[in-house]
Structure formats: structure tokens, C-alpha cells
Amino acid sequence: MKISRISIDSLIELVTGGGTVKTGVDIYNKKGILLLEKDVLIKSINPLLLVKNSGVFQIPVAMDSNGGLWDRDGRPLPMEKEEEKAVGQTIKREINDEIDTKLQKIAVLKKEATYTHEKAKKNYRKVLKEIQKTGGEFDVELVQNTVDEIFEFVVRSDNAFAYLAKEIISFDNYLYNHSINVCAIGTAILKMFNDSFSGIINKYLATYPDSYIGKKDNVVSFVEFLPEDLKNLSLGYFLHDVGKVLIPPEILNKKGPLTPEEFEIVKGHSFDKGVAILKKNNLDNTYIRNITEYHHGPLFIGEGRCYPNNRLPIEIPLYVKICKLADIYDAMTSKRCYKDAMNPTGVVKNIFNEYADKDHMLQFILHSFVKSVGIYPPGSIIFMATGQMAYVVESQGPIVIPFTDKNGKTLAKKSYPVDLGDEEQQKHGFCVDRRKPLKTPIEVYDLLPEYLKAYVGKD
Ligand SMILES: [Fe+2]
Ligand SMILES: [Fe+2]
């Protein structure tokens, strides 16, 4: 039997990167207690951490049919003359390559997000100017093309606009950004909802009396969001506040609370001005009209400050309810001239507390909402409970690369990705500190190590 002695740290690195270890020999501590059984395939770092914590820093591995090391794709790792060194280097190279590939992917996505966002903003600015000039008419094709690009990007990248800076001060800028964000967030929620719940909801609706779920007047209840419907819904989300362009800016930018008369004028942006603009442009799609008209409608009986008040919550279609959640989320997480931005995680929690348990059907939308926006976007910065800052490389988990120590000092060495969704890691403080807000890499640029700066860029 050919035995090689491998450092426990190398093995932890191997397993962290998705590799597997089988020692092929039983491993004991100094007191003779069995730590690792020879035939167990080790795929998680937990047993290795146990070994390390017992004071064993090198372990024998039988490099033949009894044991060995395999990479994440199940390929055996070669053992040359200087076995441990070779294994260590191979593992390091593979993990480094993997980190670089992930960082590169995020950098490309971020560039694309910035480009798509800027282009959409420029187009919408042009459209709104046109509406102001003509009293309502605009280039519908330009808006459609813009929304198609946002739609395609969001579906492909899981709402990657989420971590773009949201420093919006004037109302003009706010309206462009807000429309794009509501379009992106609404589309992401819709997609999540469609993928996760549409089958369940259809079964649930089948138990409702026909008078509740059929087409009633101009309100369509949820049946199914077909692929051809999704783009119209995204277009509706993009245009939901179009009527605001005809509301006096001094009211929209007012720092203090609105008078009852001013509030009446603002309300008109949806069921009055918004609907009129759609009509002027022959946009008579039911989805788009319902979104524009009812996106401030009630989500449960007795909800305050909702308008217009001619619909019960059950008569507000689910896709409109999605728009309302996306609208509240974006408004609360954006910085305005009269208020600071709120922490996105806190906003998700507030929205959930506000609407959970109010209406059975609403639960499905809320879950889709939390699943799509309550994640940590790749390329954002989070704080861990250890006090360290980390760069998110995958939103599921999330999987992060820590880059500071617990005192906020930049780490000299490249760290290996940590899965914060792993319960064992969480016991060691490797979990998101939800009290602290997400940051963008630009906000903490000076703290980033050189290898991250190279990907983040400063443009
Ligand atoms: Fe609105
Ligand atoms: Fe809005």
C-alpha cells in the first residue's frame, strides 16, 4: 500500500472546492480515538475540521484502490514524487481558476447591467420628454425594444440590476431608475412565481366559485402567465408610473407631507393620467392597463392609502399585486431628496410582516418576492457575523469570498469561497450579518484586495 501524508489544510481546500477524499486507512488521535474511518468518502469539511480541532495536522492517505483524492468532477488527482506538494498545488490552482472564472463572469454581468440600465434610462428620458411635449403620445416601439432588452437580461441573470448604485436624488432621475427597477424586480418575481407556484395556484383557484376567478369587467384574475404574456407584463411594470410625467414636479419632489389636495393630484397618475397616456398610444392590452390603473390598489381588505377604491383585493389580479410589491420595495430602498435609502434586507422583512397572513393567495406572491429579491446579488458586498466583509460570488447560499479580517483590515492572501448556507459554517460565525446593509464594491473600494479591484474596475 502506498501511503502519502497530506496536510489537513490541503484536504480542507480540496473538499471546499468540491473534491472528495477517502483516506483508505483509519485515522486516530493521540489518545487512540478513531477520528476518520478508512472507507468513508469525505465530501464535506466537517469531519476534516474535527480532525484539525483534535490537533492532527497531517493525515495519511492510501493512494491506491483503498483510498485517494478526487477533484470536483470525480477525476483522481495525480500524485508525483513530492506527493503532498503536487496535490496542494493542483488543488490551489483549481480553486484559483474557479474563483477567477466566477469573478470574470460577475464583472461581465455587471458591465452588461450598467450598459442595459443606462441605455434604458436614456430611452425612457426621451419618451417622457415626448409625452410632455405632445401631452401623451410617445414612441411605443422604442419602449417595447427597451423592455425586451431588460426582460431578456433579467431572465438570464436573476435580476442583476439589484446591486447597481441607487443614488437617486431628483425626481426626474428617480422616475427613470424606478421604472427600470420595477420592471426588473417585477419580472424577476413573476418568473419565480411562474416557475414555483403557477400549477399549485391553478389547482387552488379551481376550488373558488366561478364568479371570483372568471373575467369580470376589465379585470383578469390569474390563470397562467404564458410566455407571450410575460413581455406585456414587463411592459406594464415599466410603464406603471408613466402618468407621473404629467404631475407637477413641485408636488412629486415635495419634502414634507402632501396636503389632501396634493395627494388627490398624485393619485391621478395611475387611473387617470396613466390610463389616458396608454389610450392615446393605442396600448389597449389588459395587463398593461390593469397594472397602470391598479398598482396602488389594496392587497387586503382594510389596507390604507390605496386607490382607486373601486376594486376589492380579490379583484386585483396577481400580476398587479406583484407590481405593487416591486414598487414599494424599490421606493423604500432608493435614496431620495427627502429620505435615505433603507437596508434592502430590512425592507423585505417589513413588506413580509405587512402582508403575511393577510390573504391566502398573497402568500404565493410574497414567497416569490422574497425568493427573488431577498437574495444577495453576485458582485455585492456583505458583512458576516464574524465581522469580516465578503464579496458575493453566488447568490444561492450565498457563496462568498471573505476579504477583510474581523477588524476590517484587508486580508493579504486570497481566501477560498465559503458557503454561508452551510449549517456547519454558520456555527463558526460564517453567516450573513443581516443587521448590516449590502454594499457595492465601489463603496468599499479602498478595502478591496488587488485581485478583486482588478475585476470590479472603477468605471
Ligand atoms: Fe405609482
Ligand atoms: Fe411606482
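Residues numbered from 1 in each chain as written. Chains lettered and ligands numbered in written order. Predicted model: local features only at pLDDT ≥ 70, side-chain atom pairs only at ≥ 80, totals over all residues. Heavy atoms only, no water.

Explain the coordination of the iron ion (ligand 2) residue by residue, including any values.
Binding of the iron ion (ligand 2) to the protein goes through His178 (NE2), His240 (NE2), Asp241 (OD) and Asp327 (OD), at separations of 1.9 to 2.3 Å. Bound by four donor atoms, the iron ion (ligand 2) shows angles of 83 to 178° at the metal and therefore irregular coordination geometry. Mapped onto the sequence, the donors of the iron ion (ligand 2) take the spacing H-x61-H-D-x85-D. Taken as an interatomic distance, the gap from the iron ion (ligand 2) to the iron ion (ligand 1) is 3.6 Å; Asp241 donates to each of them. (Donors = N, O, S within 2.8 Å, 3.2 Å for Na, K, Ca; no water. Tetrahedral: all angles 85-135°; square planar, octahedral: opposite > 155°, others 65-115°.)

Kindly report on the coordination of the iron ion (ligand 1), identifying the contributing residues and their values.
Protein coordination at the iron ion (ligand 1) comes from Asp241 (OD), His269 (NE2), His295 (NE2) and His296 (NE2), with a distance range of 2.1 to 2.2 Å. Considering all four donor atoms around the iron ion (ligand 1), angles at the metal cover 84 to 179° and the coordination shape is irregular. Mapping the donors of the iron ion (ligand 1) onto the primary sequence gives the spacing D-x27-H-x25-H-H. Its relative accessible area of 1% is what places His269 among the buried residues. (Buried < 20%, exposed > 50% of the residue type's maximum accessible area, 1.4 Å probe, protein only.)

Before we move on, can you summarise the environment of Ile265 with the specific residues and values?
As for its placement among the helices and strands, Ile265 is situated in helix α9 (residues 260–280). Remark: the alpha-carbon pair of Ile265 and Lys244, spanning 21 residues in sequence, is separated by 9.9 Å. In contact with Ile265, not counting residues within four places along its chain, are Ile247, Pro248 and Ile251. (Helix = DSSP H or I, 4+ residues; strand = E, 2+ residues; numbered from the N terminus. Contact = heavy atoms within 4.5 Å.)

Which residues make up the pairing of strand β9 (residues 399–402), and what are the values?
Residues Ile399 and Ile401 line one face of β9 and the alternating positions Val400 and Pro402 line the opposite face, and both faces are buried. Note: strand β8 (residues 389–394) against β9, four bridges, orientation antiparallel. Opposite Tyr391, over in β9, you have Ile401 as the bridge partner. Turn length for the β8-β9 hairpin, with the two strands adjacent in sequence and antiparallel, is four residues, and the turn residue Gly397 shows positive phi of about 130°. Bridge analysis of β9 against strand β10 (residues 418–419) gives two bridges, and the strand direction is antiparallel. Paired with Ile399 across the two strands is Asp419, which belongs to β10. (Pairing = 2+ DSSP bridges.)

Report on the packing of helix α10 (residues 286–294) against helix α11 (residues 318–333), specifying residues and quantitative values.
Contact pair α10 / α11: the axes reach a minimum separation of 9 Å and the direction vectors enclose 45°. In this view, α10 runs oblique relative to α11, as classed from their interaxial angle. With respect to the hand of their crossing, α10 and α11 are arranged in right-handed fashion. Of α11, the residues touching α10 (which contributes Thr286, Tyr287, Asn290, Ile291 and Tyr294) are Tyr319, Val320 and Cys323. Within the contact of α10 with α11, the residues separate by chemical class into six nonpolar, two polar and no charged. (Axes fitted to C-alpha atoms, helices over the stretch in contact; angles between N-to-C directions. Parallel < 35°, antiparallel > 145°, perpendicular 65-115°, else oblique. Left-handed = near helix turned anticlockwise from the far one by under 90°. Nonpolar A, V, L, I, M, F, W, Y, C, P; charged D, E, K, R; others polar.)

An account of the sheet that holds β9 is requested, with residue identities and associated values reported.
Across the sheet, which stays open at both edges, the four strands sit in the order β7-β8-β9-β10 with antiparallel pairing between neighbours. The open sheet has two edge strands, β7 (381–383) and β10, and neither has a second partner. By the bridge criterion, three bridges tie β7 to β8 in an arrangement that is antiparallel. The residue bridging Phe383 from the neighbouring strand is Met389, located in β8.

Got a sec to walk through the side chain of Thr292? Specific residues and values, please.
Note that Thr292 resides in helix α10. Residues in contact with Thr292, not counting those within four places in the same chain, are Leu239, His240, Ser270, Phe271, Gly274, Val275 and Leu278.

Go over the packing of α11 against helix α12 (residues 344–355), please, and point to the residues and values.
One can describe the packing of α11 onto α12 by two numbers: an axis separation of 10 Å at closest approach and a directional angle of 140°. Of the possible angle classes, the one that applies to α11 and α12 is oblique. The interaxial crossing formed by α11 with α12 has right-handed handedness. Facing α11, whose interface residues are Lys324, Leu325, Ile328, Tyr329, Met332 and Thr333, α12 presents Pro344, Val347, Val348, Asn350, Ile351 and Tyr355. Its residues placed into classes, the contact of α11 with α12 shows nine nonpolar, two polar and one charged.

Break down the confidence of the model for the protein for me, citing the residues and quoting the values.
Per-residue pLDDT for the protein has a mean of 82; in total, 84% of the residues score no lower than 70. Across the protein, α10 holds the top mean pLDDT of 97, while helix α6 (residues 210–213) sits lowest at 53. (pLDDT = per-residue confidence, 0-100.)

Could you give an account of the pattern of salt bridges, with specific residues and numbers?
Counted by the stated rule, this structure contains 14 salt bridges. A salt bridge links Arg156 to Glu152; the shortest N-O distance between them is 2.9 Å. With Arg156 and Glu152 both in helix α4 (residues 140–157) and four residues apart, the pair spans about one turn of that helix. By relative accessible area, Arg156 is classed as partly exposed at 45%. In this structure Glu152 comes out as partly exposed when scored by relative accessible area, which is 41%. Here the salt bridges do not stand alone but share partners, grouping Glu112, Glu152 and Arg156 into one network. (Salt bridge = Lys/Arg side-chain N within 4 Å of Asp/Glu carboxyl O.)

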